[in-house]
Amino acid sequence: LHLQPPTDLLQEFLDQALSQLQSCNSSELANLIWALVRLQASPSLSWLTEFEEASVQTLPSALLPDLVNLVWGRSELARQRLSDGRFVGNPRPASVTWQAAIMREMRLRCRCLGHEMDCLQLVQVLNEMGVDGLSEGAAAAEASFWAEDAVGDGCPVELFRPGCV
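Report follows, based on the coordinates. Per chain, residues are indexed from 1 in the order of the written sequence. The predicted origin of the model limits local features to residues at a pLDDT of at least 70 and limits the giving and counting of side-chain atom pairs to 80 or more, whereas totals for whole chains, interfaces and linings rest on all residues. For the side-chain quantities, the full set of heavy atoms in the structure was used; hydrogens and water were omitted.

Some thoughts on the overall build of the protein chain
Heads up, the rule is: By definition, any uninterrupted DSSP run of H or I lasting at least four residues is a helix, any uninterrupted run of E lasting at least two residues is a strand, and each is numbered from the N terminus. Categorising residues by exposure relies on relative accessible area from a 1.4 Å probe, with only protein chains included: less than 20% of the type maximum marks a residue as buried, more than 50% marks it as exposed, and the intermediate range marks it as partly exposed.
The number of helices and strands found in the protein chain is seven helices and two strands. Listing the helices and strands of the protein chain from first to last along the sequence gives α-α-α-α-β-β-α-α-α. The 165 residues of the protein chain split such that 41% are buried.

Shown next as structure tokens:
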């Protein structure tokens, strides 16, 4: 189903969403970014930066499906598309800080589920899903794991709460 609302309505939606970002949880942010991709929205770089800042605050309590949806949606919004689906313009990749934060949380969820992957392996899996532009963040996240692995297993107890993974 192809949805393309009028430009002024889409901009109003983006403006309203921007004003609510800080009060959203990770599921709401994941649903929002999915909707923006489906609506073929092209948020401004400043909007995407605000989105990243809001989502980083929710990552520690995010469910794995929400993390995957956030990273997929942000990757999709990094590029603008023409009406025929071709990508155009300069990509607007996520900040390295955001990439590292989300890769770290994804690796933690996988580890706590018994699937040990380093961040670079996780990037390869995501690339197979069509998500790209995470290499810099993966390297930064992996460096944080090397430091933690020297101290403990890096799997916070709170991840074992029901519904947390």
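Here the narrative resumes.
Structural notes on the packing of aromatic side chains
Spelled out, the test is: In summary, the pairing rule links any two rings of Phe, Tyr or Trp, Trp by its six-membered ring, whose centres are within 6.5 Å, and it sorts them by plane angle into stacked for under 30 degrees, edge-to-face for over 60 and tilted for everything else.
Tallied over the entire structure, the rule returns one aromatic pair. On the basis of an interplanar angle of 10° and a centroid distance of 5.8 Å, the ring pair of Trp47 and Phe51 is categorised as stacked. Remark: Phe51 and Trp47 occur in helix H3 (residues 45-58); sequence separation between them is four residues, near one turn of the helix. What makes Phe51 buried here is its relative accessible area of 0%.

Some remarks on helix H1 (residues 7-20)
Under the convention used in this document: Expected span of a helix: the number of residues minus one, times 1.5 Å. The arc in question is the one spanned by the directions pointing from the helix axis to the C-beta atoms. Here, two residues are considered to be in contact whenever any of their heavy atoms come within 4.5 Å of each other.
End to end, H1 covers 20 Å across 14 residues, agreeing with the expected 20 Å (1.5 Å per residue, within 8%). Along H1, the positions that sit buried rather than exposed are Leu10, Leu14 and Ala17. Projected onto a plane normal to the axis of H1, the buried residues spread over an arc of 65° and lie on a single side. Facing away from the buried side of H1 by more than 90 degrees, the exposed set consists of Asp8, Leu9 and Ser19. Against helix H2 (26-38) and H3 lie the buried residues of H1.

Observations regarding the nonpolar core
Defined as follows: Only buried Ala, Val, Leu, Ile, Met, Phe, Trp, Tyr and Cys residues count toward a nonpolar core, and they belong to the same one when joined by side-chain atoms within 4.5 Å.
Within the largest apolar cluster, 39 residues are counted, with the highest numbers of intra-cluster contacts made by Trp47, Leu70, Val71, Ile102 and Met103. Contributions of two or more residues to this core are made by H1, H2, H3, helix H4 (64-77), helix H5 (96-112), helix H6 (119-128) and helix H7 (135-149). Setting aside residues up to four positions removed in sequence, Trp47 forms contacts with Leu14, Ala17, Leu18, Leu21, Leu32 and Leu36.

Topic: the pattern of salt bridges
Inclusion rule: Whenever a carboxyl oxygen of Asp or Glu lies within 4 Å of a side-chain nitrogen of Lys or Arg, that contact is scored as a salt bridge.
Using the criterion set out here, one finds two salt bridges in the structure. In this structure, Glu52 and Arg74 form a salt bridge, with 3.0 Å as the shortest nitrogen-oxygen distance. Here Glu52, found in helix H3, pairs with Arg74, found in helix H4; they are 22 residues apart in sequence, far enough to count as distant. Assigned by exposure class, Glu52 and Arg74 land together as buried. Two residues, Arg109 and Glu105, come together in a salt bridge whose shortest N-O distance is 2.7 Å. Here Arg109 and its partner Glu105 are both found in helix H5, four residues apart, which amounts to about one turn of the helix. Among the residues examined, Arg109 registers a relative accessible area of 0% and is labelled buried. The buried category is assigned to Glu105, whose relative accessible area is 12%.

Section: unusual backbone geometry
One non-glycine residue, Gln40, lies in the positive phi region at around 55°. Tracing the backbone through its elements, the reader meets Gln40 in the loop between H2 and H3. A residue is classified by how much of its surface remains accessible, and Gln40, at 32% relative accessible area, is partly exposed.

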